[in-house]
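# Residue-level structural notes
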Amino acid sequence: MTTTDEPSAPGQAGPAGGSGRLGPPPWLALVFLMPALLFLGAYIIYPIVFSVYRSLWDAPGLQFVGLDNYVRMFTRPDTFIALRNNVIWLVVAPALVTVAGLIFAVLTERIRWATAFKIVIFMPMAISFLASGVIFRLVYEQDPESGLANAVITTVHDTFSPSAAYPDARPRPEGPLEPAQDAYVLRDSAQPGESVLVPLVGVGADEVPADAEPAAEAESRPDAITGTVWVDFTRGGGGEEGAIDPSESGLPAMEVQAWMDGELRATAMAGPDGTFALTGLDEGDYTVQLAPENFTEPYNGLNWLGPTLITPSIIAAYLWVWAGFAMVLIAAGLAAIPRDALEAARVDGATEWQVFRRVTVPLLSPVLMVVFVTLMIYVLKIFDLVFVIAPGSVRADANVLALEMWQVSFGVNDQGLGSALAVFLLVLVVPAMIFQIRRFRREES
């Protein structure tokens, strides 16, 4: 008679005296996890614990001060400036990058050269933040000759509103001209039928237009005030002050005005030889004036690295770097959207904008949220772009918490306060990380 072996109950020994557990013992799994746990403890857990511990001590770490560093942190104006800038970053940068990534991702489905477009947009991600900061530090240079941003702006501005031709021109101290606000006027009044001389100095050879001709004396006209405006300077020496010499050049396009009783009566532009004629004048004494527009400083663009625009400028650089990251993730989400839903909306009569707003965006909302929260985490820790782009004179205006932590810890060498700032920054980052982890878990389940 044969007997059959019944399965062992949980916790009872099996036929060979084992525990009945399938798979390796727990201690073997711990052995394999140990290297990762040691790495996690050495590079993450220990620095966090030590930072919390160090924040309770004074700057040199010799005296226990408790929460004094945290109290001091929230009573420093620099901390509130950094916190304010972090809020600006948190509100603007993630939303801006997410929207840009969404636009780029949609474009990649509409254009033929989508691969080349993706490469161009994603390429900044292959550049280090330090190198990106150096690039944009050069882009934002004030001088249009070296700063790309101002070169573009000044080109567009000068196309529609040309800059003054003679910003450095001025009269001699004892000459016939005297300053009047932003302009220059003749000391003596003039009447129709007279011809006046308007000598100027301070005009460099590179500022004289190419169409300028040798200065000539204007012919008198009974119905107009005529004259000559020219560079009263003979290169190589010689010449007579206040008189037109053969080698001296006229100043074309110089605007000349005639005023009487506070009213502008006539305007004329000097010709290539510097001559002009103010016509249509009645009898009387007129004040001849060189218009202020002749001497205004040339437009040099915006002060991107000034205290007003420094934070928006750095956010623009951040957009350039991270737009490719957002585009790639959102494009992957777009590829996973069922095309049947889009086609059904179009069949029902929806326009492309309605399909995008009411079908595409809702279906992409999980991906958009992942991108947005990930960017929020990175924005809270932003450091390198601010450190590299912002000049020292405006770094306080562009300050953020991570940069303030570095400056306090290694600039002022106050490790206690720097550790308190690090702990505060960790407290701000942790909620976003927890939200992201929970979202990933819900999607997996």
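Since we're looking at a predicted model, the values are computed, not measured.

The rules we used
Counting starts from 1 at the beginning of each chain's written sequence and moves along it residue by residue. Where totals are concerned, whole chains, interfaces and linings use all residues; where local detail is concerned, this predicted model gives features only for residues with pLDDT of at least 70, and gives and counts side-chain atom pairs only at 80 or more. Side-chain numbers come from the whole structure's heavy atoms, not from hydrogens or water. Helix numbers and strand numbers start at the N terminus; a helix is a DSSP run of H or I with at least 4 residues, a strand a run of E with at least 2. Throughout, the radius of gyration refers to the C-alpha atoms, and the reference size of a globule is 2.2 Å times the residue count to the power 0.38. Burial classes follow relative accessibility: with a 1.4 Å probe on protein chains only, a residue under 20% of its type's maximum area counts as buried, one over 50% as exposed, and anything between as partly exposed. What makes two residues a contact is simply this: any of their non-hydrogen atoms within 4.5 Å. Per-residue and other accessible areas follow the Shrake-Rupley method at a 1.4 Å probe size, with only the shown protein chains counted as cover for residues. In this tally, Asp and Glu contribute negative charge and Lys and Arg positive charge; neither His nor the terminal groups of the chain are included. Here the site of a charge means atom NZ of a Lys, CZ of an Arg, CG of an Asp or CD of a Glu. A residue's pLDDT is the confidence the predictor assigns to it, expressed on a 0 to 100 scale. For the purposes of this section, nonpolar cores are sets of buried Ala, Val, Leu, Ile, Met, Phe, Trp, Tyr and Cys residues that join through side-chain atoms within 4.5 Å. For Phe, Tyr and Trp, where Trp contributes only its six-membered ring, two rings pair if their centres lie within 6.5 Å, and the inter-plane angle classes them as stacked under 30 degrees, edge-to-face over 60, or tilted in between. The pocket and cavity definitions rest on a 1 Å grid over protein atoms only: a 1.4 Å probe that fits but cannot leave marks a cavity, an open set with protein on both sides within 12 Å along at least five of seven lines marks a pocket, and residues lining either have an atom within 4 Å of a point. Grid points are joined across faces, edges and corners, and a volume is the space filled by probe spheres set on the points. Residue classes follow a fixed rule: Ala, Val, Leu, Ile, Met, Phe, Trp, Tyr, Cys and Pro count as nonpolar, while Asp, Glu, Lys and Arg count as charged, and any other residue, Gly among them, counts as polar. The term salt bridge refers to a side-chain nitrogen of Lys or Arg lying within 4 Å of a carboxyl oxygen of Asp or Glu. Lines are fitted to the C-alpha atoms to define the axes, a helix being fitted only along its stretch in contact, and any angle between axes, read from their N-to-C directions, falls within 0 to 180 degrees. When describing relative orientation, an angle under 35 degrees is termed roughly parallel and one over 145 degrees roughly antiparallel, while 65 to 115 degrees is termed roughly perpendicular and anything else oblique. Crossing handedness is defined as follows: a turn of the near helix away from the far one that is anticlockwise and smaller than a right angle gives a left-handed crossing, while the clockwise case is right-handed. Two strands form a pair only when DSSP identifies at least two bridges running between them. Expected helix span is computed as 1.5 Å times (number of residues minus one). Bend is computed residue by residue as the angle between axes fitted to the seven residues ending at the residue and the seven residues starting at it.

### Some words on the overall build of the protein chain
- Helix and strand content of the protein chain: 12 helices and eight strands.
- Relative to the compact-globule value of 22 Å for 445 residues, the protein chain shows a C-alpha radius of gyration of 37 Å, a clear excess of over 25%.
- With respect to the principal axes defined by its C-alpha atoms, the protein chain has extents near 145 × 75 × 40 Å.
- The buried share of the protein chain, reckoned over its 445 residues, is 38%.
- Within the protein chain, residue pairs in contact and separated by at least 24 positions form 69% of the contacts whose partners lie at least 6 positions apart.
- Summed over its atoms, the accessible surface of the protein chain is roughly 25,500 Å², and 63% of this surface lies on carbon and sulfur atoms.
- One finds the centroid of the 25 positive side-chain charges in the protein chain at a distance of 22 Å from the centroid of its 47 negative side-chain charges.

### Remarks on the confidence of the model for the protein chain
- Taken residue by residue, the protein chain gives an average pLDDT of 87. The fraction at 70 or more is 94%.
- By mean pLDDT, the top-scoring element of the protein chain is helix α10 (residues 384-389) (94), and the lowest-scoring one is helix α8 (residues 339-347) (86).
- In this model, residues 8-18 is a region of pLDDT below 50 whose contacts with residues beyond four sequence positions or in other chains number eight contacts.

### A look at the nonpolar core
- One finds Trp89, Tyr140, Ile310, Ile314, Tyr318, Val386 and Ile389 to be the most contacted residues of the largest nonpolar core, which totals 46 residues.
- Looking at this core, the elements with two or more residues in it are α3 (77-108), α4 (114-122), α5 (129-139), α7 (310-336), α8, α9 (352-380) and α10.
- If one sorts the elements of this core by residue count, α7 sits on top with 13 residues.
- In this structure, Ala268, Ala270, Tyr286 and Leu290 belong to the second largest nonpolar core, which totals 28 residues.

### Let's talk about the packing of aromatic side chains
- Counted according to the given criterion, the structure contains 22 aromatic pairs.
- Residues Trp113 and Phe117 carry aromatic rings whose centres are separated by 5.9 Å and whose planes lie at 70° to one another, so their mutual orientation is edge-to-face.
- On the basis of relative accessible area, Trp113 is assigned to the exposed category, the value being 54%.
- One aromatic cluster in this structure is built from Trp89, Phe129, Tyr318, Trp322, Phe325 and Tyr378.

### Quick look at the layout of surface pockets
- A volume near 370 Å³ is recorded for the largest pocket.
- Along the walls of the largest pocket sit 15 residues, with Lys381, Ala422, Leu425, Leu426 and Val429 positioned nearest its centre.
- Those elements that provide at least two residues to the lining of the largest pocket are α1 (26-54), α9, α11 (401-411) and α12 (415-444).
- Grouping the constituent residues of the lining of the largest pocket by class yields 12 nonpolar, two polar and one charged.

### Thoughts on the pattern of salt bridges
- Across all of its chains, the model carries 12 salt bridges by this definition.
- Of the charged contacts in the structure, one is a salt bridge between Arg346 and Glu352, with a shortest N-O distance of 2.8 Å.
- Residue classification places Arg346 among the partly exposed positions, given a relative accessible area of 28%.

### A short note on the packing of α9 against α12
- Running from amino to carboxyl end, α9 crosses α12 at an angle of 160°, the nearest separation of the two axes being 9 Å. The angle between α9 and α12 falls in the class roughly antiparallel. Crossing handedness for the pair α9 and α12: left-handed. Within the contact between the two elements, α9 uses Ser365, Pro366, Met369, Val370, Val373, Thr374, Ile377 and Leu380 and α12 uses Leu425, Leu428, Val429, Ala432, Met433, Phe435, Gln436, Arg439, Phe440 and Glu443.
- Tallied by class, residues from the contact of α9 with α12 come to 13 nonpolar, three polar and two charged.

### Section: the pairing of strand β7 (residues 275-279)
- Residues Phe276 and Leu278 of β7 are buried on one face, while the alternating residues Thr275, Ala277 and Thr279, pointing to the opposite face, are not.
- Relative to β7, strand β4 (residues 224-231) runs antiparallel, the two sharing five bridges. In the strand pairing of β7, Ile225 is matched with Leu278.

### What about empty space enclosed by the protein?
- All told, the structure shown has one cavity of 30 Å³ or more when counted by the stated rule.
- The calculated volume of the largest cavity comes to roughly 30 Å³.
- Forming the walls of the largest cavity are Pro171, Arg172, Gly175, Pro176, Pro199, Leu200, Val201 and Asp232.
- Its residues assigned to classes, the lining of the largest cavity shows five nonpolar, one polar and two charged.

### What about the sheet that holds strand β2 (residues 183-186)?
- Read from one edge to the other, the open sheet built from five strands follows the order β1-β2-β8-β5-β6, with strand pairing classed as antiparallel. The sheet terminates laterally at β1 (177-180) and β6 (263-269), the two strands that pair on one side only. Neighbour-to-neighbour, the strand axes of this sheet turn through a mean angle of 30°, independent of strand direction.
- As judged from the four bridges shared by β1 and β2, these two strands associate in the antiparallel manner. Bridge pairing links Pro179 to Tyr184 in β2.

### Considering α3
- If you check α3, its first and last C-alpha atoms are 46 Å apart, about what 32 residues at 1.5 Å a residue would give, namely 46 Å.
- Along α3, the sharpest change in direction is near 25° and occurs at Trp89.

### Quick look at the sheet that holds β4
- Within the open sheet, the three strands sit side by side as β3-β4-β7. Their pairing is mixed. Each edge of the sheet is formed by a strand with only one pairing partner; in this case those strands are β3 (195-200) and β7. The mean inter-strand angle of the sheet, taken between neighbouring strand axes irrespective of direction, is 25°.

### Let's talk about the environment of Ile337
- The topology assignment puts Ile337 in the loop between α7 and α8.
- Judged by relative accessible area, which is 7%, Ile337 ranks as buried.
- Considering only alpha carbons, one finds Ile337 and Gly61, 276 residues apart in sequence, at a separation of 56 Å.
- In this view, Ile337 contacts Leu342, Thr360, Leu363 and Leu364; residues no more than four positions away in its chain are not counted.

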